[in-house]
Amino acid sequence: MNLRDSLLAALVAVLWGLNFVAIDVGLHPEGHEVPPLLFVAMRFVLVVFPWIFFIRKPDVSWKAIVGVGLFMSAGQFGLLYLSMAMGMPAGLASLVLQAQVLLTVLLAAAFLGERPNRRQLAGVVLGVAGLAVVAVGRSAVAPLLPLLIVLAAALSWAAGNVIARKAKAASGLGLVVWSGAVVPLPLAALSLLVDGPDEVIATLTTLQPPTILSALYTAVFASLVGYGIWNRLLASHPSSAVVPFTLLVPVVGMTAAWLALGEVPTPTELAGGLLLLGGVATAVLTVGGRRRQRRGAEPAPGLGAGVRTGGTDDGRLAAAGTLPGTREPEAR
């Protein structure tokens, strides 16, 4: 990629990395607690409206749109926000969510018949070892449940990746917006059931400025602007040149969480995180990229990544994250 597009890819990584801090600030505004499922519903109302009236429906089945919405958006972000509401640090969440790359490799092998190569398998093994180290370090200082919920969010994102990969939507942003329409009503209904009508009404009638700004940032900058740039880059360059920039997301996320929230990972968590990122790098960084493109092969998607296969736009995969998210990441 040229310098301009490389800087744009780095900008997207920064937007997605900051997304996790924005989520944390929005969930805990000035000592208040915002119901996490309601907060996700609010975010996706802003992702969908009014943009759905201006962006055409992607040329995929409604089944694919609903599947991506349920897994990549509702499942991923519902679980991510829930874990952060339960105390999962924003920086660590941005790191652990990267496990979706490794899980996508495994799910694509199981459901799409895409056999992982030796580098990808080595990356999965290294990443699992890193996650185990992170879990050991986390369990020594805090409950392990929020970490496991983030891993469930990563699995949900990976399932959404596989559904979108099979659908092969030509418009990644269109898939983000239209699949996002699946999210608000089910999660708002779940919030009513879990948190109670009184809590939901009280939250909506007393919204704090940090929560409003957080919802705007996650919807507009992390989702719409981030994925708008990301999908344009994927339309112009091989995914092997674009996807590695997602490795910057947890670096930005953990640095921002340290500076803004005072989060400092333990040495064990940091060591495990480096192992995890090493596994992700092994899985997505390729050698002999041109030779692989001639054979129609591409690496597994990274955080919020898309994939083009066979050198065409029809194989593009767009996530809805942070995770971003990317997605969209998030705190992806």
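Since we're looking at a predicted model, the values are computed, not measured.

Draft legend 1. Here's a closer look at the overall build of the protein. The secondary structure content of the protein amounts to 15 helices and zero strands. Residues classed as buried in the protein amount to 57% of the 332 residues present. Carbon and sulfur atoms make up 69% of the accessible area of the protein, which totals about 13400 Å².

Draft legend 2. A look at the pattern of salt bridges. Across all of its chains, the model carries four salt bridges by this definition. Across the pair Arg 165 and Glu 114 runs a salt bridge, and its minimum N-O distance is 3.0 Å. Of this pair, Arg 165 sits in helix 7 (residues 145-167) while Glu 114 sits in the loop between helix 5 (99-111) and helix 6 (118-139); the two residues are 51 residues apart in sequence, bridging distant segments of the chain. You can call Arg 165 buried: its relative accessible area is 14%. Assessed through its relative accessible area of 31%, Glu 114 is described here as partly exposed.

Draft legend 3. Main features of the layout of surface pockets. As a volume, the second largest pocket reaches approximately 260 Å³. Taken together, Ser 61, Lys 63, Ala 64, Gly 67, Phe 111, Leu 112, Val 162, Ile 163, Lys 166 and Ala 167 form the lining of the second largest pocket. If you list the elements that add at least two residues to the lining of the second largest pocket, you get helix 3 (62-85) and helix 7. Examining the composition of the lining of the second largest pocket, we find that four residues originate from one element, helix 7, more than from any other. Class assignment for the residues of the lining of the second largest pocket results in six nonpolar, two polar and two charged.

Draft legend 4. Main features of unusual backbone geometry. With an omega dihedral of 5°, the bond running from Phe 49 to Pro 50 counts as a cis peptide bond. Position of Pro 50 relative to the elements: it lies in the loop between helix 2 (36-48) and helix 3.

Draft legend 5. Molecular detail of the confidence of the model for the protein. Of all residues in the protein, 84% have pLDDT values of 70 or greater, and the mean over the chain is 85. Contacts for the low-pLDDT stretch residues 289-332, under 50 throughout, to residues beyond four places or in other chains number 232 contacts.

Draft legend 6. Examining the side chain of Gln 100 more closely. Its location among the elements puts Gln 100 in helix 5. Separated by 2.8 Å, the side chains of Gln 100 and Asn 161 make a polar contact.

Draft legend 7. Fine view of the packing of aromatic side chains. Enumeration over the complete set of coordinates arrives at eight aromatic pairs. Aromatic side chains Phe 39 and Tyr 81 sit 5.5 Å apart centroid to centroid with 65° between the ring planes, which places their arrangement in the edge-to-face category. Residue Phe 39 is located in helix 2, and its partner Tyr 81 is located in helix 3; the two are separated by 42 residues in the primary sequence. Looking at Phe 39, the relative accessible area reads 0%, which means it is buried. What makes Tyr 81 buried here is its relative accessible area of 0%. Their ring planes at 25° and their centres at 5.6 Å tell us that Tyr 217 and Phe 221 sit as a pair that is stacked. One end of the pair, Tyr 217, and the other, Phe 221, are both in helix 11 (residues 209-236), four residues apart, so they sit about a helical turn from each other. We classify Tyr 217 as buried; its relative accessible area is 16%. Taken together, the ring pairs in this structure connect Phe 39, Phe 44, Phe 77 and Tyr 81 into an aromatic cluster. Its guanidinium or amino end placed over the ring of Phe 77, Arg 43 lies 4.3 Å from that ring's centre, counting from NZ or CZ.

Criteria and cut-off values
- Residues numbered from 1 in each chain as written.
- Predicted model: local features only at pLDDT ≥ 70, side-chain atom pairs only at ≥ 80, totals over all residues.
- Heavy atoms only, no water.
- Helix = DSSP H or I, 4+ residues; strand = E, 2+ residues; numbered from the N terminus.
- Buried < 20%, exposed > 50% of the residue type's maximum accessible area, 1.4 Å probe, protein only.
- Areas by Shrake-Rupley, 256 points an atom, 1.4 Å probe, with all protein chains shown as cover.
- Salt bridge = Lys/Arg side-chain N within 4 Å of Asp/Glu carboxyl O.
- 1 Å grid on protein atoms, 1.4 Å probe; cavity = no way out; pocket = protein on both sides within 12 Å on 5 of 7 lines; lining within 4 Å.
- Points joined across faces, edges and corners; volume = space filled by probe spheres on them.
- Nonpolar A, V, L, I, M, F, W, Y, C, P; charged D, E, K, R; others polar.
- pLDDT = per-residue confidence, 0-100.
- Contact = heavy atoms within 4.5 Å.
- Polar contact = N/O pair within 3.5 Å; in protein donor to acceptor, adjacent residues only side chain to side chain.
- Phe/Tyr/Trp six-rings, centres within 6.5 Å; stacked < 30°, edge-to-face > 60°.
- Lys NZ or Arg CZ within 6 Å of the ring centre and 35° of its normal.

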